[in-house]
Amino acid sequence: MTLADEAIAWYQANARDLPWRQPDTTPWGVLVSEVMLQQTPVVRVEPAWRSWMTRWPDPAALAADPVSEAIRMWGRLGYPRRAMRLHACAVAIVDRHGGRVPDDLDQLLALPGVGTYTGRAVATFAYGQRHPVVDTNVRRVVCRAVEGKPDAGPTTTAADLTAMEALLPEDEERAAKASIAFMELGAIVCTARSPKCADCPFHDVCAWRLRGEPLPEGPSRKPQKYAGTDRQVRGLILEVLRHATAPVPRQRLDLVWNDDLQRARALSGLVEDGLVEPLGEHDFILAGDAPRGEIQPL
DNA sequence: GACTCGTGGGA
DNA sequence: TTCCCAAGAGT
């Protein structure tokens, strides 16, 4: 039994029942799930995915609505630029591919918001192709089980893809299953903190466990701060605009943060990113929103 | 490569 | 409470 065989057998007995894994899920549904899952935990993605797919069951439906609606529906999933890019992605799919999610990896990678991970994930999980699909989970599993190190580097490298490629079965269908199995293993067994090695199919062969599960050496990554950052201020501003039914005066946005300089920087950043649009002299709206009704100063 | 970009929940 | 981190992408 190879590692892939062990992983596949384990997956078939232990996989979570997630909605985007249902056999009737479309490639669009897979794509939406993958984008939502970029840095957002499964538990928060699940209800959001259901709502999104109900409202926009295919790329053409999303492309027909303004991007502001996508930003609103995104809610509090975080990193709202993903909502903007997913909308742009839907538009591109309609324009370039007749509304059908492409099955070619290079065409997928050319879409907005689709990077090394997401492109391969869609080609593999939606179309059953054979590609190494490497996310943070896979990196951790391979790093531990094969290399015997406690944790992988912060970003996916070409070496990570090569390492995973070497573990994939030749058969296309089994390769796809192996990819999802490695990911699932990292997500629920070989976790970053307190891995459940007793439940792991690699228990007897894992290089990291055989070495006595050494701890990571130095500070692995720099601490991720949020409080007081521009990201927090952007989040506060966008939260106001998401709920607005009319253009929002700057004075209303001034209430969300007391540091004038930082607030101005956050707001102009949102405008530069295309999430927010100035309207007239002193109002702001979610990008793509049609101004309607009277100004309601809250 | 190093940085930026949200949000929330569990240890 | 504080810290960590969760299916990354783009610059």
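Owing to the predicted nature of the structure, the values given are computational and were not obtained by experimental measurement. Sequence order sets the numbering: in each chain, residues are counted from 1 along the sequence as written. The naming scheme follows written order: chains are lettered A onward, ligands numbered 1 onward. Whole-chain, interface and lining totals are the exception, using all residues; otherwise, since this is a predicted model, local features are given only for residues with pLDDT of at least 70 and side-chain atom pairs are given and counted only at 80 or more. As a rule here, side-chain values cover all heavy atoms of the structure and leave hydrogens and water aside.

**Student:** Hey, could you run me through the nonpolar core in this one?
**Tutor:** Where a protein is soluble and globular, its nonpolar side chains tend to be buried together. What we call a nonpolar core is a set of buried Ala, Val, Leu, Ile, Met, Phe, Trp, Tyr and Cys residues that are connected through their side-chain atoms within 4.5 Å. Throughout, exposure labels follow a simple rule: accessible area from a 1.4 Å probe, protein chains only, divided by the maximum for the residue type, with under 20% read as buried, over 50% as exposed, and the rest as partly exposed. Counting residues in each nonpolar core, the largest one holds 51 residues, and the members touching the most others are Trp28, Leu31, Met36, Trp52 and Ile237. For this core, the secondary structure elements donating two or more residues are helix H2 (27-36), helix H3 (42-55), helix H5 (67-74), helix H6 (81-97), helix H8 (116-125), helix H13 (230-243), helix H15 (260-273) and strand S3 (283-286). Numbering of helices and strands runs from the N terminus, with a helix taken as a DSSP run of H or I at least four residues long and a strand as a DSSP run of E at least two residues long. A per-element tally of this core places H6 first, with seven residues. Should any heavy atoms of two residues lie within 4.5 Å, those residues are counted as being in contact. Apart from residues lying up to four places away in sequence, isoleucine 237 is in contact with Leu253, Val256, Arg263, Ala266, Leu267 and Leu270. By size, the runner-up hydrophobic cluster in this structure holds 30 residues, among which are Val133, Ala181, Cys190 and Phe202.

**Student:** Hey, could you run me through the domain arrangement of chain A in this one?
**Tutor:** Much of the literature gives interface size as the accessible area that the parts lose upon coming together. Per the domain assignment, the segments making up chain A are domain 1 (1-16 + 132-224), domain 2 (26-125) and domain 3 (230-286). Where each domain starts and ends comes from a domain assignment, either automatic or drawn from a database. Measuring from the centre of the C-alpha atoms in domain 2 to the corresponding centre in domain 3 gives 25 Å. Taken together, the contact pairs nine residues of domain 2 with eleven residues of domain 3. Throughout, buried area stands for the accessible area (probe radius 1.4 Å) lost by two parts on being put together, summed over both. Across the domain 2 to domain 3 interface the summed buried area is about 900 Å²; carbon plus sulfur atoms make up 59%. Any carboxyl oxygen of Asp or Glu that lies within 4 Å of a side-chain nitrogen of Lys or Arg is treated as forming a salt bridge with it. In this structure, the connection of domain 2 to domain 3 is made through two salt bridges. Among the ionic pairs, glutamate 239 bridges to arginine 76, the shortest N-O distance being 3.0 Å. N or O atoms closer than or at 3.5 Å make up a polar contact, with two conditions inside protein: a donor-capable atom paired with an acceptor-capable one, and, for residues adjacent in sequence, both atoms drawn from side chains. Where domain 2 packs against domain 3, one counts four residue pairs in polar contact (both at pLDDT 80 or more). Of all the secondary-structure elements, those providing two or more residues to the side of domain 2 that touches domain 3 are H5 and H6. With three residues, the top contributor of residues to the side of domain 2 that touches domain 3 is H5. All amino acids are sorted into three groups, where Ala, Val, Leu, Ile, Met, Phe, Trp, Tyr, Cys and Pro are nonpolar, Asp, Glu, Lys and Arg are charged, and the leftover types, Gly among them, are polar. Here the residues of the side of domain 2 that touches domain 3 sort into four nonpolar, two polar and three charged.

**Student:** Before we go on, may I ask you to explain the protein's contact with DNA strand B in this structure?
**Tutor:** It suffices for a single heavy atom of a residue to lie within 4 Å of a molecule or strand for the residue to be listed as near it. The local shell around DNA strand B holds 18 residues, among which Arg44, Arg76, Arg81, Lys222 and Arg234 are the closest. Contact distances for DNA strand B include 3.1 Å between a base nitrogen and a backbone N or O atom of glutamine 39. One nitrogen or oxygen atom from the side chain of arginine 76 is found 2.2 Å from a phosphate oxygen belonging to DNA strand B. Those elements that place two or more of their residues in the surface near DNA strand B are H6 and H13. Considering each element in turn, the surface near DNA strand B owes the most residues, four residues, to H13. Looking at the surface near DNA strand B residue by residue, the class counts come to four nonpolar, five polar and nine charged.

**Student:** Mind showing me how you'd approach the protein's contact with DNA strand C here?
**Tutor:** Taken together, 28 residues surround DNA strand C, and among them Glu34, Gly113, Thr118, Asp135 and Gln224 come closest. Sugar plus phosphate: this is where 62% of the atoms of DNA strand C within 4 Å of the protein reside. Contributing elements (two or more residues each) for the surface near DNA strand C: H8, helix H9 (136-145) and helix H11 (172-188). Broken down by class, the residue content of the surface near DNA strand C amounts to eleven nonpolar, nine polar and eight charged.

**Student:** Is there a simple way to think about the UniProt feature "domain: HhH-GPD" (unreviewed entry) in chain A in this case?
**Tutor:** Under the present numbering, the feature "domain: HhH-GPD" (unreviewed entry) in UniProt falls on residues 36-188. With 63% helix and 0% strand, residues 36-188 has its two end C-alpha atoms placed 19 Å apart. UniProt positions are given in the numbering used here, feature names are shortened, and annotations may be inferred rather than shown by experiment.

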